[in-house]
Each structure stands twice: as C-alpha cells, then as structure tokens.
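Chain by chain, the residues run as shown.
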Protein chains: 2
Amino acid sequence: MMISAYKTNPPLLFFKGLANDTRLAIIQVLKNGPKPVGEICETLGFEQNRVSHNLRCLEFCGFVSSERTGKKRIYSLNDETIAPLMQIVDNHIKTYGQNLMQCKVLRR
Amino acid sequence: MMISAYKTNPPLLFFKGLANDTRLAIIQVLKNGPKPVGEICETLGFEQNRVSHNLRCLEFCGFVSSERTGKKRIYSLNDETIAPLMQIVDNHIKTYGQNLMQCKVLRR
DNA sequence: TCGTCATATGATGATTTCGGCATATAAAAC
DNA sequence: GTTTTATATGCCGAAATCATCATATGACGA
C-alpha cells in the first residue's frame, strides 16, 4: 500500500476542496441561485480576491460551473454532486452535530 | 452573517474530519469489515498512536463506531453516512478526478 | 497483585493551509 | 485607443494541521 500516493488521492482532495470555510460559504450563497463574483463578495462581506481564489478551486474541481455574461461571470452549483452530498451531511449533523463541534482532534 | 461562527460550522467540521489521509485510509480498511486497532495499524503500516488519534476523531464525530471485545476494541463504519457519501464522491471523481489532482489551490 | 497485551492521550516541532496585499487580465463603454 | 467595470492570479507571512515521541490507561490471565 503506497502511502505517498495518499496526498494525491482524489477522495482526499475532494474533501479538502470542501473543508474550507470560504468555499463552504460560497456554496451556501449559490444555493439560492447563480450569482456573479461581486454579489458573492457583497453577500459574504469577503474581499474579492478571497472569493476569486476559492471560486477558482471550486470550479476547477467540479463543484461549481460558470458562464460569462457580458462583463460578469455567473457562477452556479453543480447540483448533481452538491445537492445529494449536503443532504447526507445535514442528516449526519442532525445526530452528530454537537460532537463535531466539540471534537478534540478537529477543534484542538 | 457571522463569519466567526464559520470555524465551528458543522458542515465544515464534517469535511475537515474526512479531509485527512490517515482517516480516509482507515475508512478504506474498514470497508472490508470491522477491525481492531492493531490490525488497522498492520494493514496500513502506521504507528499505533497515529491510528488511535484518528479513530478517536472518527468515532466521536460519528463516522465509525466501536465495541469492546475482551482486550480488543473493534471498529466499524457508520454505513448510514459513509456508504452513500463515498458513492457520491466516487461518481464525482469519475468526471473530475484528474482536475482534483491538478487543482492549483489544493495542490499549491 | 503483577505482567502482558491493547489501546488511548498529551505536547511539540515540522509541514501545510490560506487570506491579504499587490497586480494582472478581460469585457464593455466611450 | 483609453477608461471603467469585473474578475483572475501570484506570493508571502501568519495561522492551522498533524504525526511522532512519550507516556498513560484499560482488560485479561497467571
């Protein structure tokens, strides 16, 4: 079993892609529908480059997609992955949310 | 929108729980059935305490469960969450796996 | 009770992550 | 062609992560 291969392990990268509060916040905003960068920045109160950096990741990794509309680039969720995924996450949190928030390893 | 609350955001912690190569490796081993710590260490070639640390997290956060059997503690997956979750992840990887591995943000 | 097997827990230093500052690039209007 | 609007990209320093070294705790048998 090759340990060094784990750092490029796609499931690992999948979870690392989502284990970031800025990216999760962006996903939350896009749940309400497609949005341009500027609007995401405003809604979240984040600097533009923070949002762009993270949209770059989200799009390249397939979590969101985008479409140029004039000067604006409108981003939207990849619902095929995100919708069922967040359903599972939400169900899990119903039972284990409190523990997740108090985990000594994650919150140390 | 409270930014400071994001660090204790349960979905974030859910993903952080899984965005770790040791913990994912353990999950991979447990897919083949319940196992004691020692056997997980052997299979993966990891030091015992590395495995214990991470099992602690996995169990507290609800991703695995355990049962004391004599001197051994047998760990098993929470299939209710992990099975459908990894299904979604695997499907996503079929399409976006290459990009995940080359993402400039995740792999910088 | 003591010794052995099995596992859990604490803390530190090394490595990884990530946003802000700075700047580049793209699209539209003039 | 230039200016304005909108967004993308690079890099550095600070913060977060995490395995190793060390040790503690638990279960069982003699």
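Attention here is on the structure that accompanies the text. These figures come from a predicted structure and were not determined experimentally.

### Brief notes about the state of the cysteines
- Within this structure, the stated rule accounts for 0 disulfides over all chains.
- Not engaged in a disulfide, the cysteine Cys57(B) finds its nearest cysteine sulfur in Cys103(A); these two sulfurs lie 3.8 Å apart.
- Residue class for Cys57(B) comes out buried when judged on its relative accessible area of 0%.
- The closest cysteine sulfur to the non-disulfide-bonded Cys103(B) is located on Cys61(A), 3.7 Å from its own sulfur.

### Brief notes about the pairing of strand β2 (residues 64-69) of chain A
Residue and element names in this part refer to chain A.
- Bridge count between β2 and strand β3 (residues 72-77): 6 bridges; the pairing is antiparallel. Residue glutamate 67 lies in a different strand from β3, and its bridge partner there is isoleucine 74.
- Counting the residues between successive antiparallel strands, the hairpin from β2 to β3 contains 2 residues, one of them, glycine 70, with a positive phi of roughly 65 degrees.

### A short note on the interface of chain A and chain B
- If you look at the interface, chain A gives 50 residues, while chain B gives 51 residues.
- For the pair chain A and chain B, the summed buried surface comes to about 4900 Å²; carbon and sulfur atoms form 77% of the total.
- Taken together, the connections running from chain A to chain B amount to 0 salt bridges.
- Within the residue set of the side of chain A that touches chain B, elements represented by two or more residues are α1 (10-18), α2 (21-30), α4 (48-60) and α5 (79-102) of chain A.
- Top contributing element to the side of chain A that touches chain B by residue count: α5(A), with 13 residues.
- Along the lines of polarity and charge, the residues of the side of chain A that touches chain B split into 31 nonpolar, 11 polar and 8 charged.

### Here's the deal with the packing of α1(A) against helix α5 (residues 79-102) of chain B
- Running from N to C, α1(A) and α5(B) point in directions that differ by 95 degrees, and their axes come no closer than 9 Å. With respect to α5(B), the axis of α1(A) lies roughly perpendicular. Only Leu85(B), Met86(B), Val89(B), His92(B), Ile93(B), Leu100(B) and Met101(B) of α5(B) make contact with α1(A), whose side of the interface consists of Pro10(A), Pro11(A), Leu13(A), Phe14(A) and Phe15(A).
- Split by residue class, the contact of α1(A) with α5(B) holds 11 nonpolar, 1 polar and no charged.

### Let's talk about helix α4 (residues 48-60) of chain B
Residue and element names in this part refer to chain B.
- The end-to-end C-alpha distance of α4, which contains 13 residues, comes to 18 Å, matching closely the 18 Å that a straight helix rising 1.5 Å per residue would cover.
- Among the residues of α4, those classed as buried are Val51, Asn54, Leu55, Cys57 and Leu58. Considered in projection along α4, the buried side chains sweep an arc of 160 degrees and stay on one side of the axis.
- Contact partners of the buried residues in α4: α1 (10-18), α2 (21-30), α3 (37-44), β2 (64-69) and β3 (72-77).

### Section: the relation of the copies chain A and chain B
- Between chain A and chain B, which share one sequence, the superposing operator has a rotation angle of 180 degrees and an axial displacement of 0.0 Å; the RMSD is 0.0 Å. A rotation of that kind, with that shift, is consistent with a two-fold axis. Looking at the rotation axis and the C-alpha trace of chain A, the residue lying nearest is Phe15(A), at 2.8 Å.
- The overlap is high: 100% of the interface residues of chain A also sit at the interface in chain B, so the same surface is used on both sides.

### Digging into the sheet that holds β2(B)
All names here are of chain B.
- On the basis of which strands lie adjacent, the open sheet formed by 3 strands has the order β1-β3-β2 and antiparallel pairing. The open sheet is flanked by β1 (35-36) and β2, the only strands paired with a single partner.
- On top of the sheet, α2 reaches β1, β2 and β3; it is set at about 90 degrees to β3, its chief contact.
- Together, β2 and β3 form the strand contacts of α4, whose direction differs from that of β2 by roughly 115 degrees.

About the cut-offs
- Residues numbered from 1 in each chain as written.
- Chains lettered and ligands numbered in written order.
- Predicted model: local features only at pLDDT ≥ 70, side-chain atom pairs only at ≥ 80, totals over all residues.
- Heavy atoms only, no water.
- Disulfide = S-S within 2.5 Å.
- Buried < 20%, exposed > 50% of the residue type's maximum accessible area, 1.4 Å probe, protein only.
- Pairing = 2+ DSSP bridges.
- Helix = DSSP H or I, 4+ residues; strand = E, 2+ residues; numbered from the N terminus.
- Contact = heavy atoms within 4.5 Å.
- Buried area = accessible area lost by both parts, 1.4 Å probe.
- Salt bridge = Lys/Arg side-chain N within 4 Å of Asp/Glu carboxyl O.
- Nonpolar A, V, L, I, M, F, W, Y, C, P; charged D, E, K, R; others polar.
- Axes fitted to C-alpha atoms, helices over the stretch in contact; angles between N-to-C directions.
- Parallel < 35°, antiparallel > 145°, perpendicular 65-115°, else oblique.
- Expected span 1.5 Å × (residues − 1).
- Arc of directions from axis to C-beta.
- Least-squares fit on C-alpha atoms with pLDDT ≥ 70 in both.

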